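Notes for the structure review
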Amino acid sequence: MKKNIFITTALSLLLIQVFAQQKITIEDIWTKGTFRPDYVWGINWMKDGAFYSSLERTENGNNIIKNSIKTGNKIATIVEGKNLINPATGSPIEFDGYEFNADETKILFTTETESIYRRSSKSIYFLYDLKSKKLNNLSEDKQMFATYSPDANKVAFVKENNLFFVNSSTNKEVKITKDGAKNEIINGWCDWVYEEEFGFAKAFFWSPDGTKLAYYRFNEKDVPEYNMQMWGNLYPKDYKFKYPKAGEKNSVVEIKIYDTKTGKTTNV
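One structure accompanies this document, and this report is about it. All figures in this text were calculated on a predicted structure; none of them were measured in a lab.

As summarised here, the arrangement of the four strands in space is S9-S10-S11-S12, forming an open sheet in which the pairing is antiparallel. Either end of the sheet is taken by a strand with one partner, and the two such strands are strand S9 (144-148) and strand S12 (173-175). Pairwise comparison of adjacent strand axes, ignoring direction, gives a mean angle of 20° for this sheet. Alignment of strand S10 (residues 154-159) against strand S11 (residues 162-167), held across six bridges, turns out to be antiparallel. If you follow Lys154 over to S11, its bridge partner there is Asn167.

Next up, the structure:
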């Protein structure tokens, strides 16, 4: 026992001496990242199976780079963040996520992401054409769960409890549902119970050919409302949402399928 205590004490003193010699600063820990482990982030597999893309942090913003599966080495820079100019501001966007379409000719960027619940968030999305080098807003305001269709031509998303899709070639926006309302009807997004207890938040899915969208519709009008205070600023704000306690009414759930060619919706 005494031997173990002696060894532990000796190692502790040795570490203190080493750290004292290195003169660790607050900047080393929080700003420079001197002791951070190396890692790769923002990884997406590329369609040919021989490469993957990842995010590269630089002083001029985030870049998307192409890497070899076999070596892990950088092969090329696909997009430089400094070249992604927001047409509304004239300045580069600061993206925190991205998704290629199926044929890897376009990229969907997420910016200004704002958390909602445990698994949900909303962002300002941008569509970028790799050939024309044009960058456009997906839609006005913030959207949720923007997702490319398997045919590479459309992007579906949720906004204000309604489901939309945009043709990424023409930028034409189609509003699929019109009855979405806070604390009443939710289309394409789960209510609080489903998100928290069943572990998923996005509630729409593209068909394999990209012509149809299946989505959940939650009617939570009869679910009791819960009120709580949200802190952060000088004064708290009241936040109300539908929260069914044990024995109370839950949302009435339906599943529907929307045909993007005919505009017709089928109840399942």
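One finds Trp189 and Phe204 to be the most contacted residues of the largest nonpolar core, which totals 22 residues. Here this core gets four residues from one element, more than from any other, and that element is strand S15 (residues 212-219).

On the surface, a cluster of negative charge is contributed by Glu140, Asp141, Glu160 and Glu173. Tracing the chain through its elements places Glu173 in strand S12. According to the relative accessible area criterion, Glu173 is partly exposed, its value standing at 35%.

The subject of this paragraph is the packing of aromatic side chains. Two measures describe an aromatic ring pair: the distance that separates the ring centres and the angle between the ring planes. In total, this model carries 19 aromatic pairs according to the counting rule given. Judged by centre distance (5.2 Å) and plane angle (65°), the ring pair of Trp192 and Tyr243 falls under edge-to-face. Of this pair, Trp192 sits in helix H3 (residues 192-198) while Tyr243 sits in the loop between strand S17 (237-242) and strand S18 (252-259), placing them 51 residues apart in sequence. Accessibility expressed as a relative area gives 21% for Trp192, which makes it partly exposed. Above the plane of the ring of Phe164 lies Lys159, whose end atom (NZ or CZ) is 5.3 Å from the centre.

Attention now goes to the sheet that holds strand S6 (residues 106-115). Strands in a sheet are paired, the pairing made by backbone hydrogen bonds, and the direction either parallel or antiparallel. Within the open sheet, the four strands sit side by side as S5-S6-S7-S8. Their pairing is antiparallel. With partners counted over all chains shown, the strands left at the sheet margins are strand S5 (95-100) and strand S8 (135-137), one partner each. Each strand axis lies, on average, 30° off the axis of its neighbour in the sheet, ignoring direction. In this sheet, strand S7 (residues 121-129) lies alongside S6 in antiparallel orientation, the contact comprising eight bridges. What sits directly across from Leu108, in S7, is Leu127.

Procedures and definitions
- Residues numbered from 1 in each chain as written.
- Predicted model: local features only at pLDDT ≥ 70, side-chain atom pairs only at ≥ 80, totals over all residues.
- Heavy atoms only, no water.
- Pairing = 2+ DSSP bridges.
- Helix = DSSP H or I, 4+ residues; strand = E, 2+ residues; numbered from the N terminus.
- Axes fitted to C-alpha atoms, helices over the stretch in contact; angles between N-to-C directions.
- Core = buried A, V, L, I, M, F, W, Y, C linked by side-chain atoms within 4.5 Å.
- Buried < 20%, exposed > 50% of the residue type's maximum accessible area, 1.4 Å probe, protein only.
- Patch = residues over 30% accessible without salt bridge, like charges linked within 9 Å, V, L, I, M, F, W, Y side chains within 5 Å.
- Areas by Shrake-Rupley, 256 points an atom, 1.4 Å probe, with all protein chains shown as cover.
- Salt bridge = Lys/Arg side-chain N within 4 Å of Asp/Glu carboxyl O.
- Lys, Arg positive; Asp, Glu negative; His and termini not counted.
- Charge placed at Lys NZ, Arg CZ, Asp CG, Glu CD.
- Phe/Tyr/Trp six-rings, centres within 6.5 Å; stacked < 30°, edge-to-face > 60°.
- Lys NZ or Arg CZ within 6 Å of the ring centre and 35° of its normal.

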